[in-house]
Amino acid sequence: MAKLALLAVLASLLGAVSCEFPIYAGYGFPPPNPSVPYPLPPACPPLSPAPGLKVGYYADKDKCPRAEEIVRKVVEKATAGEKAGLIRLFFHDCFVEGCDGSVLLSGADTERTAFPNLSLRGFELIDEAKAKLEKHCPGIVSCADIVAFAGRDASYSLSYGRINYRVPAGRYDGKVSRAADTFQNLPPPFGDLALTTAMFAAKGLNQNEMVVLSGAHSIGRSACSSFPDRLPPAANSSTAMEPKVAGQLTATCSAGSSVNVPQDAVTPDRLDNQYYKNVMSRGVLFNSDASLTTSSQTEDLVEFYAGNRPFLSGKFLGPVVWYHDFEDAMVKMGYIGVKTSAQGEIRKTCAFINKT
């Protein structure tokens with residue numbers, strides 16, 4: 001009853017917002033009633049065309065030529081788990097308020113305190129990079145750009161150099177961070193294909209890009225509380241978890257919902273195309289991942305990236321193409337909701353807005 005009451009309060013607080021979802025019931029809350037589908041909003045473009053972003057933004061001598069190098073050195077010494085966290089941090093930042101570092105802000109009822117973000121990692125690394133940058137070139141490099149650089153550098157490391165792209169920079173840091181906004185904007189793990197596709201479309205990302213970026217689930221870990229709808233596997237369902245995998249997870253998760261398990265048990269610390277093989281073998285944790293096989297269009301793309309094709313039809317090409325498509329999708333995601341100088345600032349400390 002207490003959880004239902006909390007959901008009712010959230011619903012009344014959030015209301016209906018253009019291009020956002022009025023309610024989000026996941027990550028520890030009861031899944032929605034299947035007979036009452038989520039209202040799907042029309043797709044809308046990113047909040048800003050971000051004309052000020054450019055590759056090499058900090059290269060000029062009067063800015064901070066070593067900015068990307070400084071961030072990269074901090075990321076290089078991180079653990080595999082922390083690097084996976086940095087990629088997820090970039091995604092969670094961009095999908096809520098745009099790529100503006102709002103997820104980094106501390107305080108009551110900020111994004112950082114919301115249930116979907118309690119397991120985020122990498123804040124200390126971002127703070128470390130920011131501190132080094134403030135000593136080297138104070139007041140120049142935004143926290144939002146640090147998150148974007150770190151996401152790229154983590155992808156490069158975890159893919160063993162196969163993912164490497166140039167990051168357009170010049171973002172400003174936002175001044176707004178609300179916990180309630182995470183429920184409206186972050187795709188839930190129990191979502192079906194229509195819901196996940198619509199939530200990506202609301203950010204200007206198409207269905208193919210959604211499939212591409214979902215490949216980041218080949219790294220990182222997830223709490224058992226994030227996929228209770230998958231255990232035990234549903235009978236007579238084409239997307240139900242493979243029984244052996246489900247049995248192993250049921251045994252592991254019996255120790256408690258806070259237990260963490262790898263999202264990809266085969267190559268847990270490598271950002272690769274194993275995720276797509278797991279989707280095809282029904283070994284993924286989330287319904288949002290399993291649902292990629294419910295459409296011929298998305299299933300064909302999953303099979304292509306997995307290398308599940310005859311030799312002459314792209315058996316070896318698909319995995320290579322995925323790395324390039326992931327690069328392009330990460331760059332495009334980095335344009336979501338970018339703030340201008342009139343809307344944002346360059347924070348001195350990433351966890352707090354500047355004092356006026």
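Please refer to the structure higher up on the page.
Residues numbered from 1 in each chain as written. Predicted model: local features only at pLDDT ≥ 70, side-chain atom pairs only at ≥ 80, totals over all residues. Heavy atoms only, no water.

Enquirer: Looking at this model, I keep getting lost on unusual backbone geometry. Mind explaining?
Expert: Peptide bonds are trans in most cases, and residues, glycine excluded, mostly fall at negative phi. Note that the residue after Leu231, namely Pro232, is joined by a cis bond; omega there is -10°. Following the sequence through the fold, Pro232 ends up in the loop between β3 (221-223) and α9 (243-253). At Tyr160, a residue that is not glycine, the phi angle is positive and equals roughly 55°. Among the structural elements, Tyr160 can be located in the loop between α5 (143-158) and β2 (168-169). Tyr160 sits in the exposed class, given a relative accessible area of 55%. Within the chain, Arg282 stands out as a residue other than glycine whose phi angle is a positive 60°. Residue Arg282 is classed as partly exposed on the basis of its relative accessible area, which comes to 30%. (Helix = DSSP H or I, 4+ residues; strand = E, 2+ residues; numbered from the N terminus. Buried < 20%, exposed > 50% of the residue type's maximum accessible area, 1.4 Å probe, protein only.)

Enquirer: How should I be thinking about the state of the cysteines in this particular structure?
Expert: One pass over the full model with this rule turns up four disulfides. Bridging Cys64 to Cys137, the disulfide has an S-S length of 2.0 Å. Across the S-S bond of Cys64 and Cys137 the torsion is about -55°, and the bridge reads as left-handed. Of this pair, Cys64 sits in the loop between β1 (54-55) and α2 (67-76) while Cys137 sits in the loop between α4 (123-136) and α5, and the two are 73 residues apart along the sequence. The pair Cys64 / Cys137 is uniform in exposure class, with both members buried. (Disulfide = S-S within 2.5 Å.)

Enquirer: Help me understand the nonpolar core in this model?
Expert: One recurring pattern in soluble globular proteins is that nonpolar side chains are buried together. The biggest cluster of nonpolar side chains holds 71 residues, and the ones touching the most others in it are Leu104, Ile126, Leu133, Trp322, Phe326 and Met333. In this structure, Ile126 is in contact with Leu86, Leu89, Leu104, Ile146, Val147, Ala150 and Cys350, ignoring residues within four places of it in sequence. Residues Cys224, Leu231, Ala246 and Leu285 belong to the second largest nonpolar core, which totals ten residues. (Core = buried A, V, L, I, M, F, W, Y, C linked by side-chain atoms within 4.5 Å. Contact = heavy atoms within 4.5 Å.)

Enquirer: Teacher, can you tell me more about empty space enclosed by the protein here?
Expert: Gaps between atoms show up when a probe of the same size as a water molecule is rolled over them. Taken as a whole and judged by the stated rule, the model has three cavities of 30 Å³ or more. Looking at the second largest cavity, its volume works out to about 40 Å³. Looking at the second largest cavity, the residues that line it are Phe90, Ala148, Tyr165, Val167, Pro168, Arg171, Met330, Val331 and Gly334. Grouping the amino acids of the lining of the second largest cavity by side-chain chemistry returns seven nonpolar, one polar and one charged. (1 Å grid on protein atoms, 1.4 Å probe; cavity = no way out; pocket = protein on both sides within 12 Å on 5 of 7 lines; lining within 4 Å. Points joined across faces, edges and corners; volume = space filled by probe spheres on them. Nonpolar A, V, L, I, M, F, W, Y, C, P; charged D, E, K, R; others polar.)

Enquirer: Any chance you could explain the layout of surface pockets here in plain terms?
Expert: In this model, the largest pocket occupies a volume close to 1000 Å³. Lining the largest pocket are 47 residues, and of these Arg88, His92, His217, Arg221 and Gln263 lie nearest its centre. Elements supplying a minimum of two residues to the lining of the largest pocket: α3 (80-95), α7 (193-201), α8 (207-214), β3, β4 (260-262), α11 (287-290) and α13 (317-333). Ranked by residue count, the leading element in the lining of the largest pocket is α3, at eight residues.

Enquirer: Explain the packing of aromatic side chains here, please?
Expert: Centre-to-centre distance and the angle between the planes together describe a pair of aromatic rings. Taken as a whole, this structure holds eleven aromatic pairs when the rule is applied. Plain terms: the ring middles of Tyr276 and Tyr305 are 5.2 Å apart, the flat faces sit at 55° to each other, and that makes the pair tilted. Here Tyr276, found in helix α10 (residues 274-280), pairs with Tyr305, found in helix α12 (residues 296-306); they are 29 residues apart in sequence, far enough to count as distant. The same class applies to Tyr276 as to Tyr305, namely buried. Counting every residue linked through ring pairs, the aromatic cluster contains Tyr275, Tyr276, Phe304, Tyr305, Trp322, Tyr323 and Phe326. The ring of Phe123 has Arg112 sitting right over it, with the charged end atom 3.9 Å from the ring centre. Over the ring of Tyr160 we find Arg270, and its NZ or CZ is 4.1 Å from the ring centre. (Phe/Tyr/Trp six-rings, centres within 6.5 Å; stacked < 30°, edge-to-face > 60°. Lys NZ or Arg CZ within 6 Å of the ring centre and 35° of its normal.)

Enquirer: Can you help me understand α7 in this one?
Expert: One turn of an α-helix holds 3.6 residues; hence residues three or four places apart share an orientation. The buried fraction of α7 is high, at eight of nine residues. Burial in α7 covers these residues: Leu193, Leu195, Thr196, Thr197, Ala198, Met199, Phe200 and Ala201. The secondary structure elements touched by the buried residues of α7 are α3, α6 (179-185), α8, α11 and α12.

Enquirer: Just to check I follow, could you spell out α4 for this structure?
Expert: Relative to the 20 Å expected for 14 residues at 1.5 Å per residue, α4 spans 20 Å between its end C-alpha atoms, a close match to the ideal helical length. When α4 is considered as a whole, its buried residues turn out to be Phe123, Leu125, Ile126, Ala129, Lys130, Leu133 and Glu134. Against the buried residues of α4 lie α2, α3 and α5. (Expected span 1.5 Å × (residues − 1).)

Enquirer: Any chance you could explain the environment of Gln263 here in plain terms?
Expert: With respect to the helices, strands and loops of the structure, Gln263 is situated in the loop between β4 and α10. Owing to a relative accessible area of 13%, Gln263 belongs among the buried residues under this scheme. Linking Gln263 and Gly283, residues 20 residues apart in sequence, is a C-alpha distance of 9.2 Å. Those residues in contact with Gln263, other than ones at most four positions away along the chain, are His217, Ile219, Gly220, Arg221, Ser222, Leu285 and Phe286. Reaching out from Gln263, the side chain makes a polar contact with the backbone oxygen of Ile219 at a distance of 3.1 Å. (Polar contact = N/O pair within 3.5 Å; in protein donor to acceptor, adjacent residues only side chain to side chain.)

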